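Secondary and tertiary structure notes
What follows is each chain in one-letter form.
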Amino acid sequence: MTRSARPGAMPRRRSTRALLASACVAALGITALPAAAAPSTLQEAAGMNDGRYFGTAVPAHLLNDSANMTIVNREFNMVTAENEMKIDALQPNQGQYSFGTADRIVNWARTNGKGVRGHTLAWHSQQPQWMRNMSGQQLRRAMLDHVTTVATHYRGQIHSWDVVNEAFADGSSGARRDSNLQRTGNDWIEAAFRAARAADPNAILCYNDYNIDDWNHAKTRAVYDMVRDFKARGVPIDCVGLQAHFNSGNPVPNNYHTTIENFAALGVDVQITELDIEGSGQSQAEQYKGVTQACLAVARCTGISVWGVRDNDSWRASGTPLLFDRNGNKKQAYHGVMEALTEGLGNGGGAPAPGPTTPPPGNGGGGNTAACTATYSEAEKWNDRFNGRVTIRANRDISTWTSTVTVGDRQEIIATWNGTPSWDRSGKVMTMRPNGNGNLRAGQEVSFGFTVRHGGDWTWPRVTCS
Ligand code: G3I
C-alpha cells in the first residue's frame, strides 16, 4: 500500500543500514530463495498486488466470538471498528471520553499485526445528545476538540482516519448535506482535516462517503471538486474513502474504474472502505470481482475493506452482502475477489512494471510485457520488525535487474541479504541490485530479502523490477 508523500518525512541514515546490510549478507550467505507460493487468504493475495491491504469491520461484541475472529485474523490485515470510534461512543458526555471499548479493538488489531482504519472523527450522524443540541462556534469548537483529543489518543496507531464522513447530500444538487456541522460554516471540513493532521501527522487522512462510486453522479463530482480544491489550497487530505455499499437499486457502476482513477489523479489515495454487495451466487461474485478489479487497475487504490465478515453479522443481514455465510464458509463472492486478486499473479504479477503508474483495467499489476516482475511475500514477523522477500522473475532472458522497495514513513529497512542495496535521499526507497552478475533466463527466478523495523506500520512495502 502506498501513502501520499508528505513534507517532513525524516531522512534516514544510510551508513548504518549499509553496514547492517553487508553484515547480514556475510552472516547469512543466502543465495536464491524459493518462489512465493500461491496466496491462500485475502490479505496475502491483496498484498501480492503491490502491497495492497484487505480489511474488514469488527464490532466489539464479536471480539470474543472465536469463529469470527479466526476468520478476521486469517483473512484480513486491516481492521475498522464498526461503531466504537464514532463520536457518541467515544465522547458520550462532553469532555468525558470513553476509549475502553475502542481500545480493545485497536489493541487486538495491533497485537495481531493488523493496521487500523479510524472511523470516524466528524460526522453529522451518531452524535451524542449534547453535541446534537449545539450549534455555531460552540459546536465548531466541540467538534475540533473531539478531533484533536481522539486523534491524539490514537496517534501513531491509526493507518488511516476517516476524518469527515458523509458530508455531501444525495441526489442531483451536488450540495453539502445540511447538518449542524455544516451550519457552523462551509470550512468545517477543512478545519477538521487540519486538526487531524496536527494531532497525528503520520496517519493517512481520508474523506469518506457513500454513493460516490458512479462517476456520473452529482455527489461524486461534488466530492471530487472539494478534493481538488483542498489539494490546490494545501488542505491536508491524503485519501478518498469510497464506502461502496451496493444493492440491486444501487449496483456497482460500470464506470467504477474511472471514478477511482479520477480521484487518484488528484494526488490522493483511494480506499474502498465499507464494501458490501447485497445478493447471492454468481451475480454477487461477479460484482465483488468487478470492484476488486477496478481497485487493482489504479495504482493509488491501496486497499479494500469489507463491512463485516459473516452475512448474519452485517448491518443489513437480510441482504447477505458479505464474503462469508453465517457459518463462516467462503461464498462464491469470496472466490470472485480471490480470482481478481490472483489473475495477474501467474505472470509474476504483484508489482506493476516501472513506467505508467496505472496498469490496464483488470490487470492486478505487472503483466508480462516488462522484462522482469517483482513479487513481495512476507516472512517472519516480530513485535518491532518483519522480514520481507522479493522474488524477481525474468519474463525473457535478461543480463541484469534492478528492484526498488519502498517502505512507509514510519518504516525503516535495517538489514538486507542476497543483493546490493542503495537508498534514495528520503531513505524510503531502496534500490536492490544483484550480487555479481544478474543473468537470468526467461522464467528463472531469484530472491532477495530484508528486515523492516515497522514503527507500528505493518504495511507491505511496494516493490518494482526493471
Ligand atoms: O448496541 C445497541 C443495543 O444495545 C440496542 O439494544 C440496539 C437497539 O437499537 O441498538 C444497538 O446499537 C446499534 C448499533 O448499530 C450496534 O449494533 C444501533 O442502534 C445502530 O444504529 C447501529 O447501526 C450502525 C450504523 O452504522 C449507525 O451508526 C451499524 O451497526 C453500522 O454498520 C453502520 O455503519 C455505517 C458506517 O458507520 C458509515 N457508513 C454506512 C454504514 C452502514 O450504515
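Conventions adopted
- Residues numbered from 1 in each chain as written.
- Predicted model: local features only at pLDDT ≥ 70, side-chain atom pairs only at ≥ 80, totals over all residues.
- Heavy atoms only, no water.
- Near = heavy atom within 4 Å.
- Polar contact = N/O pair within 3.5 Å; in protein donor to acceptor, adjacent residues only side chain to side chain.
- Areas by Shrake-Rupley, 256 points an atom, 1.4 Å probe, with all protein chains shown as cover.
- Helix = DSSP H or I, 4+ residues; strand = E, 2+ residues; numbered from the N terminus.
- Buried < 20%, exposed > 50% of the residue type's maximum accessible area, 1.4 Å probe, protein only.
- Lys, Arg positive; Asp, Glu negative; His and termini not counted.
- Salt bridge = Lys/Arg side-chain N within 4 Å of Asp/Glu carboxyl O.
- Contact = heavy atoms within 4.5 Å.
- Disulfide = S-S within 2.5 Å.

1. Considering the site of the ligand
- Contacts to the ligand come from 13 residues, most closely from Glu82, Lys86, His119, Gln243 and Glu274.
- Glutamate 82 is positioned such that a nitrogen or oxygen atom in its side chain is 2.4 Å from an oxygen atom of the ligand.
- One of the side-chain N or O atoms of histidine 119 is found 2.7 Å from an oxygen atom in the ligand.
- When the ligand sits alone it has 780 Å² of accessible area, and the protein chains cover 46% of it.

2. Thoughts on the side chain of lysine 86
- Within the secondary structure, lysine 86 is located in the loop between β2 (78–81) and α4 (87–90).
- Buried and unpaired, lysine 86 has glutamate 82 as its nearest opposite-charge partner, separated by 6.5 Å.
- A distance of 3.1 Å separates the side chain of lysine 86 from the backbone oxygen of glutamate 82, its partner in a polar contact.
- Ignoring any residue separated from it by four or fewer positions in sequence, one finds lysine 86 in contact with His119, Thr120, Trp123 and Gln126.

3. A few points about the state of the cysteines
- By the definition in use, this model includes three disulfides.
- Between cysteine 206 and cysteine 239 runs a disulfide, and the two sulfur atoms are separated by 2.2 Å. The sign of the 95° torsion about the S-S bond sets the cysteine 206-cysteine 239 disulfide as right-handed. A residue pair is termed long-range when its members are at least 10 positions apart, and cysteine 206 in strand β5 (residues 204–209) and cysteine 239 in strand β6 (residues 239–242) qualify at 33 residues. Take cysteine 206 and cysteine 239: they sit in the same class, and that class is buried.
- The residue that forms a disulfide with cysteine 295 is cysteine 301, at a sulfur-sulfur distance of 2.1 Å. Around the S-S axis, the bridge from cysteine 295 to cysteine 301 shows a dihedral of about -105° and counts as left-handed. Cysteine 301 matches cysteine 295 in its accessibility class, with the two residues each being buried.
- If the cysteines joined by disulfides in the protein chain are listed in sequence order, their pairing comes out as 1-2, 3-4, 5-6.

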